[in-house]
Amino acid sequence: MICAENDILSRLSYNIRKDVLDMTLHAGANGGHIGGAFSCADILAVLYGNVIRKGLDKFILSKGHVALAHYAVLAECGYFEKEKLLSFEDPGSMLTTHEILGNLPGLEVTGGSLGYGISIACGIALARRTNFPESQIYVLVGDGECNEGSIWEGVMTASKLHLDNLTVIVDQNKLQLDGFSSHVMPINISKMFEALGWNVVPVDGHDFVQLKKAFQCSKKGTPTVIVADTIKGKGIPSIENREQLHHMRLSQEDYEKYAQELEASYA
C-alpha cells in the first residue's frame, strides 16, 4: 500500500517537473525558474497528492518565482485543464510569471514580492480557526526568501497567536539569485524558528515517506515549520546545485537533453 502510494507520488512529481520543462520551452525568451521549481516538486507532490483537502485547506505560495511548478501540480490534480499550461507567459494568459489572485482555481494570493506569505497566512489562519476549525493553512517559502525581515514578523505573529493550524514548509535548496544562501546571508533557519516558539520538523525534502510523516507532526498550540533539505534543480543532474541556473531559457536542444536526464532519474 505504501509502495503503491509512493509510486503515485513519484509519477506526480515527475509530471510536475516535465510540465515545468514544457512550459519553460514554450515561454521562449521569457524562460522560467526551473531550479527552484524542481527543488520543491516533491514537496508539492506530497502536499497535493496526500495532504491538502480540496475545499477545506489553503495553500499559499510565498516563494512566488516558482509559480510554474504550482500551476503544474494544480493542473495535474484537476484544478484546471492541463492544456492551459502551454499558455504560460503568453500575452493575456492567466498563467503569468507570478500568480495573480483570481486568475485560476487554487490561487490564494498574488505573488511577486517575496516575504509576505507567512504574514498573509497568519490572517487567514486566525480567521479560519474560528470559522473553519478543521482547516489547515500551508505556506511554501524559500530559504533565500528567509533573508526578508517580513518573514520573521510573520513568524513572531504566528507564535504569539498560537496558530497551530498553520504549517510553513521551507524549501531549503541552499541557493538563491546571488549565489549560495550561506554566502549571501548565513542564518540557521531551524534555530531561528525554534527560538521564536515554533515546532520545527527537519526532513529530506525529496523523501516522500519523511515528508508525509512531517505533515503529521503538528503540535497543539504551536505553529509548525517543516525545514525541507532540498537540491536546486533536483531531477536533472547536469543543473543540480548550479548557482548560475537560477532562471533559464531553453533551446530545443536543451529541452531534449534535460527531458532525457529527467526520464533517466525516474527509471
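## What to know about the overall build of the protein
Then step 1. In terms of regular secondary structure, the protein is built from 10 helices and seven strands.
Then step 2. By the compact-globule yardstick of 18 Å for 267 residues, the protein fits well, its C-alpha radius of gyration being 17 Å.
Then step 3. Projected onto its principal axes, the C-alpha coordinates of the protein cover approximately 50 × 40 × 40 Å.
Then step 4. Counting every position in the protein, which comprises 267 residues, the buried fraction comes to 51%.
Then step 5. Expressed as a percentage of contacts within the protein between residues at least 6 apart in sequence, the contacts between residues at least 24 apart total 77%.
Then step 6. Working note: accessible area of the protein is about 11700 Å², and carbon and sulfur atoms make up 54% of it.
Then step 7. On the protein, the mean spot of the 23 positive side-chain charges and the mean spot of the 32 negative ones are 6 Å from each other.

## A word on the pattern of salt bridges
Then step 1. The full count for this structure, using the stated rule, is 11 salt bridges.
Then step 2. The salt bridge involving Asp22 is made with Lys18; its shortest N-O contact spans 3.1 Å. Linking Asp22 with Lys18, this pair stays in helix α1 (residues 2–27), spanning four residues, or about one helical turn.
Then step 3. Lys18 gets classed as partly exposed once you look at its relative accessible area, which sits at 22%.

## Notes on the side chain of Gln176
Then step 1. Note that Gln176 resides in strand β4 (residues 175–176).
Then step 2. Under the relative-accessibility criterion, Gln176 is labelled buried at 13%.
Then step 3. Within the structure, the side chain of Gln176 is placed 3.5 Å from the side chain of Asn147, a separation counted as a polar contact.
Then step 4. With near-sequence residues (within four places) excluded, Gln176 lies in contact with Gly144, Asn147, Ser181, Val184, Lys232 and His246.

## A few points about the pairing of strand β2 (residues 137–142)
For a regular strand, side chains alternate in direction, first toward one face of the sheet and then toward the other.
Then step 1. Burial runs high along β2: six of the six residues are buried.
Then step 2. Side chains Ile137, Val139 and Val141 of β2 all project onto a buried face; the interleaved residues Tyr138, Leu140 and Gly142 project onto the opposite face, where all are buried too.
Then step 3. Bridge count for β2 against strand β3 (residues 166–172) is six bridges, and the pairing is parallel. Along β3, the bridge assignment pairs Leu140 with Ile169.

## Observations concerning unusual backbone geometry
Then step 1. Although it is not a glycine, Glu89 adopts a positive phi angle of roughly 70°.
Then step 2. Relative to the assigned elements, Glu89 resides in the loop between α4 (67–76) and α5 (117–131).
Then step 3. Overall, Glu89 belongs to the buried group, its relative accessible area being 15%.
Then step 4. Positive phi, close to 60°, is recorded for Asn241, a residue that is not glycine.
Then step 5. Inspection of the secondary structure puts Asn241 in the loop between β7 (224–229) and α10 (252–265).
Then step 6. Taking the relative accessible area as the measure of exposure, Asn241 reaches 38% and is therefore partly exposed.

## Observations concerning the nonpolar core
In globular proteins that are soluble, nonpolar side chains generally tend to be buried together.
Then step 1. Counting 59 residues, the largest nonpolar core has Leu21, Leu47 and Tyr71 as its most contacted members.
Then step 2. Leave out the neighbours within four places in its chain, and Tyr71 touches Met23, Phe80, Leu85, Phe88, Met94, Leu95, Thr96, His98, Glu99, Leu104 and Leu107.
Then step 3. Grouped together as the second largest cluster of nonpolar side chains are 23 residues, Ala121, Ala125, Phe193 and Val225 included.

## Some details on the sheet that holds β3
Then step 1. Pairing within the open sheet is parallel, and its five strands lie in the order β1-β2-β3-β7-β6. Only two strands of the sheet have a single neighbouring strand rather than two, namely β1 (58–61) and β6 (199–204). For this sheet, the mean angle separating the axes of adjacent strands, direction not counted, is 20°.
Then step 2. Sheet analysis places β3 next to β7, joined by six bridges and oriented parallel. Across the sheet, Gln172 pairs through a bridge with Asp229, a residue of β7.

## As for a nonpolar patch on the surface
Then step 1. Taken together, the side chains of Val184, Met185, Ile187 and Met192 present a nonpolar region at the surface, about 290 Å² in accessible area.
Then step 2. By the secondary structure assignment, Val184 is in helix α7 (residues 181–184).

Basis of the calculations
Per chain, residue numbering runs from 1 following the sequence as it is written. Local features in this predicted model are restricted to residues whose pLDDT is 70 or higher, and side-chain atom pairs enter the listing and the counts only when it is 80 or higher, whereas totals over whole chains, interfaces and linings include all residues. Side-chain numbers here rest on the full set of heavy atoms in the structure, without hydrogens or water. What counts as a helix is a DSSP run of H or I of at least four residues, what counts as a strand is a run of E of at least two, and both are numbered from the N terminus. The globule rule used here is 2.2 Å times the number of residues to the 0.38 power, and the radius of gyration it is set against is calculated over C-alpha atoms. Buried means the residue's accessible area, taken with a 1.4 Å probe over protein chains only, is under 20% of the maximum for its type, while exposed means over 50%, and partly exposed covers the values in between. We call two residues in contact when some of their heavy atoms are within 4.5 Å. Surface exposure here means Shrake-Rupley accessible area, sampled with a 1.4 Å probe, where a residue is shielded only by the protein chains that are shown. Charge counting follows a simple rule: Lys and Arg are positive, Asp and Glu are negative, and His as well as the terminal groups are ignored. Each charge is placed at NZ for Lys, CZ for Arg, CG for Asp and CD for Glu. Any carboxyl oxygen of Asp or Glu within 4 Å of a side-chain nitrogen of Lys or Arg constitutes a salt bridge here. As used in this structure description, the phrase polar contact means that two N or O atoms lie within 3.5 Å; if the pair is within protein, one of them must be able to donate a hydrogen and the other to accept it, and residues adjacent in sequence are counted only when both atoms belong to side chains. A pair of strands is considered paired only if DSSP assigns at least 2 bridges between the two. To define a nonpolar core, start from buried Ala, Val, Leu, Ile, Met, Phe, Trp, Tyr and Cys residues and group those joined through side-chain atoms within 4.5 Å. Lines are fitted to the C-alpha atoms to define the axes, a helix being fitted only along its stretch in contact, and any angle between axes, read from their N-to-C directions, falls within 0 to 180 degrees. Patch building starts from residues that exceed 30% relative accessible area and form no salt bridge, then joins like charges within 9 Å and nonpolar side chains (Val, Leu, Ile, Met, Phe, Trp, Tyr) within 5 Å.

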